[in-house]
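Letter by letter, the chains look like this.
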Amino acid sequence: KRVGKVVTAKTPAKRAKSRPKASQTPEKDILRACLQLLAVHPAVAFAFRANAGGMQNPVGQWVKFGFRGMPDILGLVTGGRFLAVEVKRPGKKPTPDQDAFLRRVNEAGGLGFCADSLARLEFVLKWELDNTI
């Protein structure tokens, strides 16, 4: 019995199928680059990786964290606007739950969007922040 190991619902066949092709940038690399940019961006107060999922605790109980549709990155930008960024590989789309969450953030005056590259993140930040200040 392994304790503290994160368990995923993917089967080995699905896991192999979801791996990026050699020509595609893995999502984890895009996520890392986005977090690095947000850490030094002058208009970002803070940003962090928001994990969602579940795992077994040391006594074997299943513990869930996060919620369905939770984006990869949460933070705060200029003027106190909430920041929510869902990171995807190029060509991939957010799930319906993720899309609904991003839409609610925008409707409430925050900044929620999907970034499939560092260039997309930079573009949206520049566009949104230049047009709201």
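Enquirer: When you look at the state of the cysteines in this model, what are you seeing that I'm missing?
Expert: Cysteine pairs can be covalently joined through their sulfur atoms, and such a bond is termed a disulfide. For the structure on display, the rule yields zero disulfides. Residue C34 stays outside any disulfide, its sulfur separated by 9.8 Å from that of C114, the closest cysteine.

Enquirer: I keep staring at the nonpolar core and nothing clicks. Help me out?
Expert: Note that soluble globular proteins tend to have their nonpolar side chains buried in a common cluster. Core analysis: the largest hydrophobic core is formed by 19 residues, its most contacted members being L38, I73, L83, V85, F113, L121 and L125. Counting residues per element, the ones that place at least two in this core are α2 (27-40), β4 (73-77), β5 (81-87), β6 (111-115) and α4 (118-130). By residue number, the principal contributor to this core is α2, which donates five residues. The residues contacting L121, other than those within four sequence positions of it, are C34, L37, L38, V85, F113 and A115. One finds A50, L74, A84 and L102 within the second-largest nonpolar core, a separate group that totals six residues.

Enquirer: How do you make sense of the environment of V85 when you look at a structure like this?
Expert: Inspection of the secondary structure puts V85 in strand β5. Separated by 17 residues in sequence, V85 and L102 have C-alpha atoms that sit 7.9 Å apart. Discounting residues that sit within four places of it in the chain, V85 has contacts with P71, D72, I73, F113, A115 and L121.

Enquirer: Would you explain the environment of G91 in this entry?
Expert: For G91, the position within the fold is in the loop between β5 and α3 (96-107). Separated by 25 residues in sequence, G91 and D116 place their C-alpha atoms 7.6 Å apart.

Enquirer: Hey, could you run me through the pairing of strand β3 (residues 62-65) in this one?
Expert: Pairing of strand β2 (residues 53-56) with β3 involves four bridges; the strand directions are antiparallel. Pairing of M55 across the sheet is with V63, part of β3. A loop of five residues connects β2 with β3, the two strands running antiparallel in sequence, and G60 in this loop sits at a positive phi of about 90 degrees.

Enquirer: Which parts of the structure should I look at to understand α3?
Expert: Residues lying three or four places apart along an α-helix face the same way, a consequence of the helix completing one turn every 3.6 residues. The first and last C-alpha atoms of α3 sit 16 Å apart over 12 residues, in line with the 16 Å expected at 1.5 Å per residue. Every buried residue belonging to α3 is among Q98, L102 and V105, and all of these are buried. Projection of α3 onto a plane perpendicular to its axis shows the buried side chains occupying an angular sector of 55 degrees, all on one side. Those residues of α3 that are exposed and aimed more than 90 degrees away from the buried face are P96, R104 and E107. On the buried face of α3, the contacting elements are β5 and β6. A positive phi of about 95 degrees marks G109, the residue just after α3.

About the cut-offs
Residues numbered from 1 in each chain as written. Predicted model: local features only at pLDDT ≥ 70, side-chain atom pairs only at ≥ 80, totals over all residues. Heavy atoms only, no water. Disulfide = S-S within 2.5 Å. Core = buried A, V, L, I, M, F, W, Y, C linked by side-chain atoms within 4.5 Å. Buried < 20%, exposed > 50% of the residue type's maximum accessible area, 1.4 Å probe, protein only. Helix = DSSP H or I, 4+ residues; strand = E, 2+ residues; numbered from the N terminus. Contact = heavy atoms within 4.5 Å. Pairing = 2+ DSSP bridges. Expected span 1.5 Å × (residues − 1). Arc of directions from axis to C-beta.

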